[in-house]
Amino acid sequence: MQTQTLKTLDQLLFVHLEISCWSGKKTLTPDDLGLDRSQLPPETLISLGDKQLINPDALRAFTAVRGAARRQCLAVGARFMGGYAIPTGKAAALLDRLTALEATYTQAKADFLATYDQALDAWARQQPPEWQKLIREALVPVSYVSGRLDFRVQVARFSLPETVAHPGLATALHGLRDQIFYEIAQDAREALEKSFQGKTEITRRALSPLLAMRDKLEGLVFVHGGFRAVMGEIERLL
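Because the structure is a prediction, the values reported are computed rather than measured.

1. What to know about the side chain of Q132
- Structurally, Q132 can be placed in helix α5 (residues 132-136).
- With relative accessibility at 17%, the residue Q132 sits in the buried group.
- Reaching out from Q132, the side chain makes a polar contact with the backbone oxygen of A124 at a distance of 3.4 Å.
- Residues within four places of Q132 in sequence aside, it is in contact with A124, R125 and Q127.

Okay, here's the thing in structure tokens:
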């Protein structure tokens, strides 16, 4: 394994998020609609979709936390091998923020499960009477839902010099450079469209995305020296 690859690995922490969010849905069957299965096309050709068992708004807290956790990781690192590559210098602060989000998720889960049965009943009563049985007969117990709501953060770091010398790892790290460039390009395009395009004047708040891009590249500059040129252009723009 090349020396540069080893040096890069030594400065990275790998974070994997396992944040599950129950969909609040269950598969709709022909029996639910009183249809004769023999008269329907095969399931390999067509499906009936899902039935919504609970108000989607009741589940937004979980998807919001999951989205926030992903954004926190992307603010300082980049997608890598199914998770995120994080510079070690910014890992402690990131993990503190993820721990706070986990606490938020855990509290939201406790609140949701405590009122789960009432929420199901309230949602059913909002539907036309002839369709309420689709929800009431779904019988999704709270224990099942509890198992579908989980927040886990897994952290790993390659131990040097014991790291396995396989060329695939060097290839993945080379791809990390391209991934970081791609993510910065996405952020720049979004900032252009939201804060600059078509504007005749801007506020200092519009500069926040540029500052965030610069800080992200600064933390990951050891991955590829070319990041310095991008950082320099951002500084010039600022």
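2. Observations regarding the environment of E190
- Tracing the sequence through the fold places E190 in helix α7 (residues 167-196).
- Sequence separation between E190 and P209 is 19 residues; the distance between their C-alpha atoms is 9.0 Å.

3. Points about unusual backbone geometry
- At M81, a residue that is not glycine, the phi angle is positive and equals roughly 50 degrees.
- Within the secondary structure layout, M81 lies in the loop between β4 (78-80) and β5 (83-87).
- According to the relative accessible area criterion, M81 is exposed, its value standing at 58%.

4. With respect to the nonpolar core
- With 31 residues, the main nonpolar core has L17, W22, L98, F112 and Y116 as its most contacted residues.
- Listed by contribution, the elements that provide at least two residues to this core are β1 (12-20), α2 (60-76), β5, α3 (88-114) and α4 (116-126).
- When sequence neighbours within four positions are dropped, the list of residues in contact with Y116 reads W22, I54, V140, P141, V142 and V145.
- I180, I184, L207 and L220 belong to the second-largest nonpolar core, a separate cluster that totals 22 residues.

5. Let's talk about the pattern of salt bridges
- On inspection of all chains with the given rule, the structure shows 12 salt bridges.
- Here R79 and E183 are joined by a salt bridge, their closest N and O atoms 3.4 Å apart. Placement of the pair is R79 in strand β4 and E183 in helix α7, with a sequence separation of 104 residues.
- Overall, R79 belongs to the partly exposed group, its relative accessible area being 39%.
- When salt bridges with common partners are traced through the structure, they connect R79, E183 and K216 into a single cluster.

Reading guide: rules and limits
- Numbering of residues starts from 1 in each chain and follows the order in which that chain's sequence is written.
- Per-residue local features of the predicted model are confined to residues with pLDDT of at least 70, and side-chain atom pairs are confined, for both listing and counting, to 80 or more; whole-chain, interface and lining totals are unaffected and use all residues.
- The basis for the side-chain values is all heavy atoms of the structure; hydrogens and waters are excluded.
- Put simply, DSSP H or I for four residues or longer makes a helix, DSSP E for two residues or longer makes a strand, and each gets a number counted from the N terminus.
- Working definition: with a 1.4 Å probe on protein chains only, accessible area under 20% of the residue-type maximum means buried, over 50% means exposed, and in between means partly exposed.
- Any pair of N or O atoms that falls within 3.5 Å is considered a polar contact. Within protein, one atom must be able to donate a hydrogen and the other to accept it, and sequence-neighbouring residues count only if both atoms are side-chain atoms.
- In this analysis, two residues are considered to be in contact whenever any of their non-hydrogen atoms come within 4.5 Å of each other.
- In plain words, nonpolar cores are sets of buried Ala, Val, Leu, Ile, Met, Phe, Trp, Tyr and Cys residues tied together by side-chain atoms within 4.5 Å.
- What counts as a salt bridge is simple: a side-chain nitrogen of Lys or Arg found within 4 Å of a carboxyl oxygen of Asp or Glu.

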